[in-house]
Amino acid sequence: MTVLPADGFSLAAEFPAPAHEHWQHLVEGVLRKSGKEAAGSAAEEALSTTVEDGLITRPLYTSRDSAPDAGYPGFAPFTRGSKAEGSAASGWDVRQRHTLPDPARLNEAVLADLENGVTSLWLTVGGAAGVPVSALAGALDGVYLDLAPVVLDAGDETDAAARELLRICAERGIDLGSLRGNLGADPFGQAARSGAEPDLPEAVHWAQRCAREFPGLRALTVDALPYHEAGGSAAEELGASLATGVAMLRALTDAGLSVEDACGQLEFRYAATADQFLTIAKLRAARRLWARVAEVCGAAGAGAQRQHAVTSSVMMTRRDPWVNMLRTTLACLGAGVGGADSVTVLPFDHALGLPDAFARRIARNTSTILLEESHLARVIDPAGGSWYVERLTAELADAAWSFFQEIERSGGQAAAVRSGMIGERLAATWAARSKDLARRKEPITGVSEFPQLAERPVEREPSPAAPAAPGGLPRVRRDEAFEALRARSDAHLAATGQRPKVFLAALGPAAAHTARASFAANLFQAGGIEPVHDPVSVDATTAADAFRAGGATVACLCSSDALYAEQAEAVAGALRSAGAERVFLAGRPGEYAGVDEYVFAGSDVVAVLSSLLDRMDVA
């Protein structure tokens, strides 16, 4: 028996080091079995995927995939984190968002959050969606403002809200120099909403005062969420935020602030999505880009970007909203691993209206689980050193810098918004993504995949109307096309007592038809069309009676290609004789008499279902 030494050995010592070419050769064999011929690097490229911003994710990353030096945490270029100790000591700031306009209800929610893990508050103040400025004191009754930082989102009423917050603190005897948080001034975003010029004097005033009197309090927010919520890509979100940050930096330094003090007044807000690797890379790339701006301005040491990550509202669904808990968990994980200083997890029912106490509890506990039970904050930059993450960070930073330069060439952020340049770019990105969503190349669990027609809808009190997005930008959701289809089905159900139906004509034994019958049932339910699969299998002699008994007006053949060749035309004819107004076939288009349309992986599901509902007179 071979006795291994107690230490100093490698588990792979007796195995030869594999060559990249050897791996490619194995890939060639796998592709050959699937009917594809490719050799060498072409075999590897066949497994690569093109994602947004023209970036390509490859199936394998090794040390050959070089990336710029990421440096060390707390040092320029800050890719690995803005602080040398990372979040190992206490984790990220758990920041809960509140949009309740009623001060009593807001106070109850705020206290419950702070008593159960939340460490800072993000309050909408003023307007239709926020608590009135005059009621802010009541909303914050019982809150230790010297311990719980407050972030304001007050739009046109920022000046009044900031003054009221400071008045409340002074009245309670709090040392204003110890205050932390953010007054939330967003002059460029507010100007884009109103169509006016940015109110820079007000923003500059608060930045100067904070830098002079309240060193722990920031005055300005660079909010990138509107660009994400308009359908922009990760690189476009970064590029637009960078242009906004540079515009604010120019205004502050022109007013006499040093670059260091000006940088210290900015907090950047980004979206975190369920694509955890993209979220990690986006936050790391954002820090690298801002460090480059600070370096060009002559203050490399001031480029430690302060980041607030918010789980994406674009990814939140109205159908099967419980799945949103999983999406926000992944987004929170990506934000934490990516090095965000503060993280806001939107409640799972965010898309339905005002969240209830249970939803807020799950949202705040998402961070608690990741911090306290998963120990996610014990390691600084846990994704650092991953060849994939480092390469993705570098490529995303390059794409974002390119878009930032386009904005600068068009006259800067304000001019680019006014001219429609940014809006047009985001619209084109969303149009391309919408095609992938319609074809289910980007699946939405519970909506375009595995929908549950019988599930009772979750109802919430409607949220107050949100203020307009900058530059008239839209607010999009991944589920919007499918949600429109389901809404039509719901209206039909309310009017007639039943949903539109499709008869699944499964041919042959279960082994032959189960895969395509499941595919078809899933597809039609995504449009609110109820599949009828009874009996389990039919043929040309039984299909007509089964169809009449099912109560459907359309049918879909489901089976293997071999059985289609034998039975499809005869069964389609029987279905038509029984009154089927339209006959589908689950599979690639072929030449089968009696078949009107084909549904298959990659087909435009939204177009197919919308047209079918039209034919069924589902208004």
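Computed from a predicted model, the values in this text were never measured in an experiment.

1. Examining the pattern of salt bridges
On inspection of all chains with the given rule, the structure shows 38 salt bridges. Residue Arg475 is joined to Glu229 by a salt bridge in which the shortest nitrogen-to-oxygen separation is 3.7 Å. One end of the pair, Arg475, is in the loop between helix H16 (421-438) and helix H17 (480-496); the other, Glu229, is in helix H8 (residues 225-229), with 246 residues separating them in the sequence. Salt bridges linked by common partners bring Arg80, Arg284, Asp381 and Glu390 together as one network.

2. Observations concerning the nonpolar core
Ranked by internal contacts, the top residues of the largest apolar core, which has 108 residues, are Leu123, Val125 and Trp290. The element best represented in this core is helix H9 (residues 234-254), accounting for eleven residues. Those residues within four positions of Trp290 in sequence are excluded, and the remaining contacts are Leu242, Gly245, Val246, Leu249, Cys263, Leu266, Phe268, Gly303 and Gln305.

3. Quick look at the sheet that holds strand S13 (residues 554-558)
Spatially, five strands are ordered S12-S11-S13-S14-S15 in an open sheet, and the strand pairing comes out parallel. Strands at the two margins of the open sheet, each flanked by one partner only, are strand S12 (530-532) and strand S15 (597-599). Across the sheet, the mean angle separating the axes of adjacent strands is 30° when strand polarity is ignored. Note that S13 and strand S14 (residues 582-586) share four bridges and pair parallel.

4. Digging into the sheet that holds strand S10 (residues 342-344)
Read around the barrel, eight strands follow the order S3-S4-S5-S6-S7-S8-S9-S10 and close on themselves; strand pairing throughout is parallel. Here the strands of the sheet are splayed against their neighbours by 30° on average, with no regard to which way each runs. Two strands pair when backbone bridges link them, and strand S6 (residues 181-185) and strand S7 (residues 217-223) are joined in this way by three bridges, in the parallel orientation. Each bridged residue has a counterpart across the sheet, and for Ala185 the counterpart in S7 is Leu220.

5. Here's the deal with unusual backbone geometry
Residue Pro77 is bonded to the preceding Ala76 through a cis peptide linkage, with omega at 10°. If you trace the backbone, Pro77 turns up in the loop between strand S2 (56-57) and strand S3 (93-98). In this structure, the amide linkage connecting Asp534 to the following residue, Pro535, adopts the cis form with an omega of 5°. Within the secondary structure layout, Pro535 lies in the loop between S12 and helix H19 (543-550). Non-glycine residue Asp320 carries a positive phi angle of around 45°. Inspection of the secondary structure assignment puts Asp320 in the loop between strand S9 (307-311) and helix H12 (324-338). Positive phi values are uncommon outside glycine, yet Asp617 reaches one of about 60°. Topologically, Asp617 is positioned in the segment after helix H21 (605-615). By relative accessible area, Asp617 is classed as exposed at 64%.

6. Description of the environment of Thr329
Tracing the backbone shows Thr329 in helix H12. Put simply, Thr329 and Val538 are 209 residues apart on the chain and 44 Å apart in space, counted from C-alpha to C-alpha.

7. A few points about the layout of surface pockets
Taken as a whole, the second largest pocket spans an internal volume of roughly 1000 Å³. Elements that contribute at least two residues to the lining of the second largest pocket include exactly strand S1 (49-50), H9, helix H11 (276-296), H12, helix H14 (387-409) and H16. Here the lining of the second largest pocket is built from residues that sort into 15 nonpolar, eleven polar and twelve charged.

8. Concerning the packing of H9 against H11
Close contact between H9 and H11 brings their axes to 10 Å; oriented N to C, the two are set at 30°. Comparing the axis directions of H9 and H11 gives the class roughly parallel. For the element pair H9 and H11, the recorded crossing hand is right-handed. Contact residues: Ala234, Glu237, Leu238, Leu242, Gly245, Val246 and Leu249 in H9; Leu278, Lys282, Ala285, Ala286, Leu289, Trp290 and Val293 in H11.

9. Observations regarding the packing of aromatic side chains
Applying the stated rule across the entire model yields ten aromatic pairs. On the basis of an interplanar angle of 15° and a centroid distance of 6.3 Å, the ring pair of Phe268 and Tyr270 is categorised as stacked. By relative accessible area, which is 1% here, Tyr270 ends up buried. Counting every residue linked through ring pairs, the aromatic cluster contains Tyr61, Phe277 and Tyr388. When the ring centre of Trp122 is taken as reference, the NZ or CZ atom of Arg97 above it lies at 4.9 Å.

Thresholds, definitions, all that
- Residues numbered from 1 in each chain as written.
- Predicted model: local features only at pLDDT ≥ 70, side-chain atom pairs only at ≥ 80, totals over all residues.
- Heavy atoms only, no water.
- Salt bridge = Lys/Arg side-chain N within 4 Å of Asp/Glu carboxyl O.
- Helix = DSSP H or I, 4+ residues; strand = E, 2+ residues; numbered from the N terminus.
- Core = buried A, V, L, I, M, F, W, Y, C linked by side-chain atoms within 4.5 Å.
- Buried < 20%, exposed > 50% of the residue type's maximum accessible area, 1.4 Å probe, protein only.
- Contact = heavy atoms within 4.5 Å.
- Pairing = 2+ DSSP bridges.
- Axes fitted to C-alpha atoms, helices over the stretch in contact; angles between N-to-C directions.
- 1 Å grid on protein atoms, 1.4 Å probe; cavity = no way out; pocket = protein on both sides within 12 Å on 5 of 7 lines; lining within 4 Å.
- Points joined across faces, edges and corners; volume = space filled by probe spheres on them.
- Nonpolar A, V, L, I, M, F, W, Y, C, P; charged D, E, K, R; others polar.
- Parallel < 35°, antiparallel > 145°, perpendicular 65-115°, else oblique.
- Left-handed = near helix turned anticlockwise from the far one by under 90°.
- Phe/Tyr/Trp six-rings, centres within 6.5 Å; stacked < 30°, edge-to-face > 60°.
- Lys NZ or Arg CZ within 6 Å of the ring centre and 35° of its normal.

By themselves, these figures tell us nothing about what the structure is for.
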